[in-house]
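Examination of the molecular architecture
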Amino acid sequence: MPPSTQNADPNRSNAHEPSAATAGDDPGRVEPNRADPNRADPAPADHNALDPDRLDQVCAQASAAIATAGDLDELAALRTLHLDGRGAPLVLARRALGALPQAERAAAGRRHNAAAASVRAAYEARLAELTAERDARVLVEERVDVTLPGARRPRGARHPLTTLSDHLVDVFVAMGYEVAEGPEVEHDWFNFEALNLGPDHPARSSHDTLYVDPVGSGLLLRTHTSPVQIRTLLSRPLPVYVVCPGRTYRNDAVDATHSPVFGQIEGLAVDEGITMADLRGTLEVFAQALFGSGLATRLRPSYFPFTEPSAELDVTCFACRGESSRQPCRVCSDEGWIEVGGCGMVDPNVLVACGIDPTRYSGFAFGMGLERAAMIRHDVHEIRDFVDGDVRFGLALGTGN
Ligand code: PHE
């Protein structure tokens, strides 16, 4: 059946579409559009509102109320009530103007204007008074003594060890090294075994290792940054040039020069054709970065299980420039040299432990204690100063920025 035929069915009632015919027949229905013309006005026009006496009275009442307004909020409310709100007598009076006969309208309009102006004047006067009062009060209540000293936060200082470590890292990064880091809780294999320190190696006890519970977990607090050598060689493609700063731990009793927690910085280069000459040249740069230019370096034969040959790096004392034989020197205890750290050519066993062919690759490594270097550099006599956290210590060492 086509839709038009369906709608034409007289027996069907369509509940959704009320027709005009039925709506008009409903006596209870309110027609919203056919509104009472007076309903738009809040109040019917009142001709008496323009009566001179009435206006005077309205004016007097409004001005009196306004003159006694206690604060600006109250004044604003009174303004709406008496002057310009929808139901304000003056507003109603203005509306009544239109309904006056032409002849009376001008005079009534002038009266209304004069009345409104006087109420507005009363309003402006009270507004000025209340505003002045409020301003005076705010000036007193919110008074600020600009001569009081400010709550100045003292500038902090970077830790001297951070500054030193960053400085040395920068020098190596400038030479093309990368930064490598490793965990402080380390596995025995990385800290000792892969570094050619077998379980029975005597050098293990000299490290005074702090082991981590449970016994047999194989975990310890790393005793040096050298395990980062192993982690680097296992994870990065060759050649490798890395600098490894970090915190290290040994079971040392605290005294003026020992601390169970201390920092180290390690360097490692593994490439084809690396020789001890490369190590020496690199250490010269390192010594210069540490103590300034023009200082000689020397390598003193030593022993580390993970380097062969091994050496201690000494630098001419920057304070006496090696002249301690003529003048006593506090910095180097009249040695003329300062011991800086350990170094050597990477032991082939270390390369083998990391799966590297020692007939093709060779390398050098060096490591140094940060506190010791900082103490020498800044003439600090007490290692505990580094952990006291006194900002003056950092500031005094010129690192307060
Ligand atoms: N790891 C050594 C130590 O803590 C220092 C070192 C690093 C020596 C690298 C040689 C090569 O004493």
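Residues numbered from 1 in each chain as written. Predicted model: local features only at pLDDT ≥ 70, side-chain atom pairs only at ≥ 80, totals over all residues.

So, on to the site of the ligand. Every residue lining the ligand is accounted for by H224, S226, E266, F304, T307, G342, C343, G344, A365, F366 and G367. Residues belonging to the shell around the ligand are distributed by class as follows: 4 nonpolar, 6 polar and 1 charged. (Near = placed C-beta within 6 Å. Nonpolar A, V, L, I, M, F, W, Y, C, P; charged D, E, K, R; others polar.)

So, on to helix 11 (residues 276-291). The first and last C-alpha atoms of helix 11 sit 22 Å apart over 16 residues, in line with the 22 Å expected at 1.5 Å per residue. Where helix 11 is concerned, the buried positions are L279, T282, L283, F286, A287, L290 and F291. Projected down its long axis, helix 11 carries its buried residues within an arc of 145°, all on one side. Exposed and oriented more than 90 degrees from the buried face of helix 11 are A277 and G281. Of the residues flanking the end of helix 11, it is G292, one or two places downstream, whose phi is positive at about 105°. (Helix = DSSP H or I, 4+ residues; strand = E, 2+ residues; numbered from the N terminus. Expected span 1.5 Å × (residues − 1). Buried ≥ 20, exposed ≤ 12 C-beta atoms within 10 Å, placed from the backbone. Arc of directions from axis to C-beta.)

This next bit is on the UniProt feature "binding site: Mg(2+)" (unreviewed entry) in the protein. On the UniProt side, "binding site: Mg(2+)" (unreviewed entry) is annotated at positions that read E308 here. By the element assignment, E308 lies in strand 8 (residues 307-316). If near-sequence neighbours (up to four positions away) are discounted, E308 is found in contact with G344, M345 and D347. (UniProt positions renumbered as here; feature names shortened; annotations may be inferred. Contact = placed C-beta atoms within 7 Å.)

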